[in-house]
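# An overview of the molecular structure
The primary structure of each chain is shown beneath.
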Amino acid sequence: MISRRNLFARAAAGAALGAAGAVNASGVSRVALAALPEPAQRDDADTAPPLTPPNGRPYNPVVTLNGWTLPWRQRDGVKEFHLVAEPVLRELAPGTTAHLWGYNGQSPGPTIEVVEGDRVRIYVTNKLPEHTSVHWHGQRLPNGMDGVSGLTQPAIKPGETFVYEFVARRPGTFMYHPHADEMTQMAMGMMGFWVTHPKARHPQIAEVQRDFCFLLSSYDIDPGSYTPRTMTMTDFNLWTWNSRVFPGIAPLNVRQGDRVRIRVGNLTMTNHPIHLHGHEFEVTGTDGGPVPKTARWPEVTTDVAVGQMRQIEFIADEPGDWAIHCHKSHHTMNAMGHQVDTLIGVDHRGLAARINKVIPDYMAMGERGMADMAEMEMPLPENTVPMMGGRGPHGSLEMGGMFSVLKVRKDQKPGDYGDPGWYAPPAGSVARPVATPAGAPAASVVKPAGAPASEPLRVRKPDGHGHQGH
């Protein structure tokens, strides 16, 4: 739900801004600073419909997955936005909430959409417990507006409002994020998307019917807790799109035959090979601008490195429910521990019964792999999303983290982003079981030649010392 609120009375805002010494390199008067645009606020994780521009030059708006576009005020030929950096509650998936930092009630913050050549003025109010700044990642702008605290500007202290002003000089896909205590603030979820649309037909930028965007971020939140561990460097346990994990990530709903653009930005600590099922696509743009048509080639997976943007496009001509996900398999899991022994092949018979006498809730798992985790109803700590889950028309999807579904439908109406439900495939077009041939041997565990049938399983540890399994 989007609401609008006043953080300041105009007179109080003018006094506070005067005392704060707001950045005013573009000649914004104190009278203008006193009349701040009201900051729009949103507190739910639904995917908002595209924001049709109410004024200014027209463009084909984007859809932010599980997010929204920030409204603006057109004032004297300038588009004015108001970002509020503040602590937020973000629902990662139904039943699981994180205490993050973000903008205007959400992490990531709202998408900013402008048109090439627009003069843009962004007020940034700091309601965090420490100073901050905003870097406009990938933009061509005056050095003093680049948002690196200590280098190009003073940091924005708690309670202060700064103003940034520049011209959106080139079309493309960009981000915004802090450049002050960056390790902490980005680990807490401070980031947002920026899209600059072309002002006219562009030889390298096609017109599309569906335009989606989302940011990749990662968190280390202990099961049962709410706040990320900001000192983590690599061992994250929650991999998110727009601070959501599957099954909380919305599907991408499109009409069959649509030309679809998906914009992805990466602000995690590692790369992500984004893979789309059922279609080939081309990388048509980066944060450096549109890729020349002569430099494109067909792909089904593209790697998005740290700090990069990738823009892919394809014709959605294959009906169905097609997976789209990061191809690092650990990134399609939730609340995942990394110090868990592999117990595949270890005989658990009788073990659980003996341990239950001491630990009544103990459950043996992992003997046949970890798929059982998707089905078992073991109790979880408070505020903890299952490691894998999400139901499909044929059972558990056994996925989490960076996973969603591209839903291509012939009868999806133009401009309709509603979920059409699960795909109903034509008869005979679904993979199905066949009868096992008579006399086929059952599956069995293969042991070394000559090993006695009663020999216990030996597990070789990395230190070279073997020990007997149980």
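Residues numbered from 1 in each chain as written. Predicted model: local features only at pLDDT ≥ 70, side-chain atom pairs only at ≥ 80, totals over all residues. Heavy atoms only, no water.

### Considering the overall build of the protein
Looking only at helices and strands, the protein features four helices and 27 strands. Residues classed as buried in the protein amount to 48% of the 470 residues present. Long-range pairs, those at least 24 residues apart, make up 73% of the contacts in the protein between residues at least 6 apart in sequence. Accessible area for the protein stands at about 22,600 Å²; split by element, carbon and sulfur atoms hold 56% of it. (Helix = DSSP H or I, 4+ residues; strand = E, 2+ residues; numbered from the N terminus. Buried < 20%, exposed > 50% of the residue type's maximum accessible area, 1.4 Å probe, protein only. Contact = heavy atoms within 4.5 Å. Areas by Shrake-Rupley, 256 points an atom, 1.4 Å probe, with all protein chains shown as cover.)

### Observations concerning the packing of aromatic side chains
Scanning the entire structure with this criterion turns up 11 aromatic pairs. Seen from their ring centres, W136 and F166 are 6.1 Å apart, and the 50 degrees between their planes marks the pair as tilted. Here F166 lies in strand β10 (residues 161-167) and W136 lies in strand β9 (residues 135-137), a separation of 30 residues in the sequence. Both rings, one in F212 and one in Y417, keep their centres 5.9 Å apart while their planes meet at 80 degrees; by these two values the pair is edge-to-face. One end of the pair, F212, is in strand β13 (residues 210-219); the other, Y417, is in the loop between β25 (403-409) and β26 (458-460), and 205 residues separate them in sequence. Here a set of aromatic residues connected by ring pairs shows up, and it is made of Y103, W136, Y164, F166, Y176 and W194. Against the face of Y417 rests R210, its NZ or CZ located 4.6 Å from the ring centre. (Phe/Tyr/Trp six-rings, centres within 6.5 Å; stacked < 30°, edge-to-face > 60°. Lys NZ or Arg CZ within 6 Å of the ring centre and 35° of its normal.)

### Comments concerning the sheet that holds β9
Judged by pairing direction, the sheet is mixed, and its four strands sit side by side in the order β7-β12-β11-β9 without closing on themselves. Only two strands of the sheet have a single neighbouring strand rather than two, namely β7 (112-115) and β9. Taken over all neighbouring pairs, the strand axes of this sheet differ in orientation by 25 degrees on average, direction set aside. Relative to strand β11 (residues 172-177), β9 runs antiparallel, the two being bridged by three bridges. Each residue of the ladder has a partner; that of W136, found in β11, is Y176. (Pairing = 2+ DSSP bridges. Axes fitted to C-alpha atoms, helices over the stretch in contact; angles between N-to-C directions.)

### Comments concerning the sheet that holds β25
Taken together, five strands build an open sheet; the order of strands is β15-β25-β22-β17-β20 and the sheet is mixed. At either end of the open sheet lies a strand with only one pairing partner, and these are β15 (252-255) and β20 (301-304). Neighbour-to-neighbour, the strand axes of this sheet turn through a mean angle of 20 degrees, independent of strand direction. Where strand β17 (residues 272-276) lies against strand β22 (residues 320-326), three bridges are found, and the strand directions are antiparallel. Opposite I274, over in β22, you have C326 as the bridge partner.

### With respect to the pattern of salt bridges
If charged atoms from side chains of opposite charge come close, those side chains can pair. Applying the stated criterion across every chain, the model contains 19 salt bridges. Of the charged contacts, one joins R121 and E80 as a salt bridge, the two residues approaching to 2.6 Å between their closest N and O atoms. Remark: E80 occurs in strand β5 (residues 78-93) and R121 occurs in strand β8 (residues 119-126); sequence separation between them is 41 residues. Between E207 and R201 there is a salt bridge; the shortest N-O distance is 3.2 Å. In this pair, the class of E207 matches that of R201, namely exposed. In the salt-bridge network here, residues are joined through shared partners; they are R73, R75, E80, R119, R121 and E165. (Salt bridge = Lys/Arg side-chain N within 4 Å of Asp/Glu carboxyl O.)

### Things to note about the layout of surface pockets
Roughly 560 Å³ of volume is contained in the largest pocket. As for the largest pocket, its lining consists of 23 residues, and the residues nearest its centre are D321, W322, P393, H394 and L397. Ranked by residues supplied to the lining of the largest pocket, first place goes to β22 with five residues. Of the residues assigned to the lining of the largest pocket, the class counts are 14 nonpolar, eight polar and one charged. (1 Å grid on protein atoms, 1.4 Å probe; cavity = no way out; pocket = protein on both sides within 12 Å on 5 of 7 lines; lining within 4 Å. Points joined across faces, edges and corners; volume = space filled by probe spheres on them. Nonpolar A, V, L, I, M, F, W, Y, C, P; charged D, E, K, R; others polar.)

### Quick look at the pairing of strand β24 (residues 395-399)
Summarising the sheet, strand β23 (residues 389-392) and β24 pair through three bridges and their orientation is antiparallel. By the bridge assignment, G389 is partnered in β24 with M399. The hairpin formed by β23 and β24 contains two residues between the paired strands.

### Describing the nonpolar core
One finds F81, L83, I112, I122, W136 and W194 to be the most contacted residues of the largest nonpolar core, which totals 32 residues. Elements supplying a minimum of two residues to this core: β5, β6 (96-103), β7, β8, β10 and β11. Residue contacts for I112: discarding those within four places in its chain leaves L70, F81, L83, W136, Y176, F193, W194 and V195. F214, F236, C326 and V408 belong to the second largest nonpolar core, which has 28 residues in total. (Core = buried A, V, L, I, M, F, W, Y, C linked by side-chain atoms within 4.5 Å.)

### Here we look at the environment of H99
Checked against the element boundaries, H99 lands in strand β6. Accessibility expressed as a relative area gives 35% for H99, which makes it partly exposed. Taking the C-alpha atoms as reference, H99 lies 7.3 Å from P87; in sequence the two are 12 residues apart. For H99, the residues in contact, after removing those within four places along its chain, are V88, L89, M188, Y226, T227 and P228.

### Focus: the environment of G421
Inspection of the secondary structure assignment puts G421 in the loop between β25 and β26. As for G421 and D321, which are separated by 100 residues in sequence, their C-alpha atoms are 9.3 Å apart.

### Thoughts on the confidence of the model for the protein
The share of residues in the protein with pLDDT of 70 or more is 76%, and the mean pLDDT across the chain is 84. Below a pLDDT of 50 lies the segment residues 4-27, which in the model reaches 41 contacts outside its immediate sequence neighbourhood of four places, other chains included. Confidence drops under a pLDDT of 50 for residues 464-470, and excluding neighbours within four residues, the segment shows 15 contacts in the predicted structure. (pLDDT = per-residue confidence, 0-100.)

### Focus on the side chain of H197
Relative to the assigned elements, H197 resides in strand β12 (residues 192-197). Polar contacts involving the side chain of H197 include one to the side chain of E113, which spans 2.8 Å. Every residue in contact with H197, bar those within four places of it in the chain, is listed here: Y59, N60, P61, V62, E113, V114, V115, E116, P171 and R263. (Polar contact = N/O pair within 3.5 Å; in protein donor to acceptor, adjacent residues only side chain to side chain.)

### Let's talk about the environment of D220
Residue placement: D220 occurs in the loop between β13 and β14 (238-241). Note on D220: relative accessible area 9%, which makes it buried. Taking the C-alpha atoms as reference points, D220 and T232, separated by 12 residues in sequence, lie 6.8 Å from one another. If we ignore the near neighbours within four places in the chain, the residues touching D220 are T227, P228, R229, T232, D235, F236 and N237.

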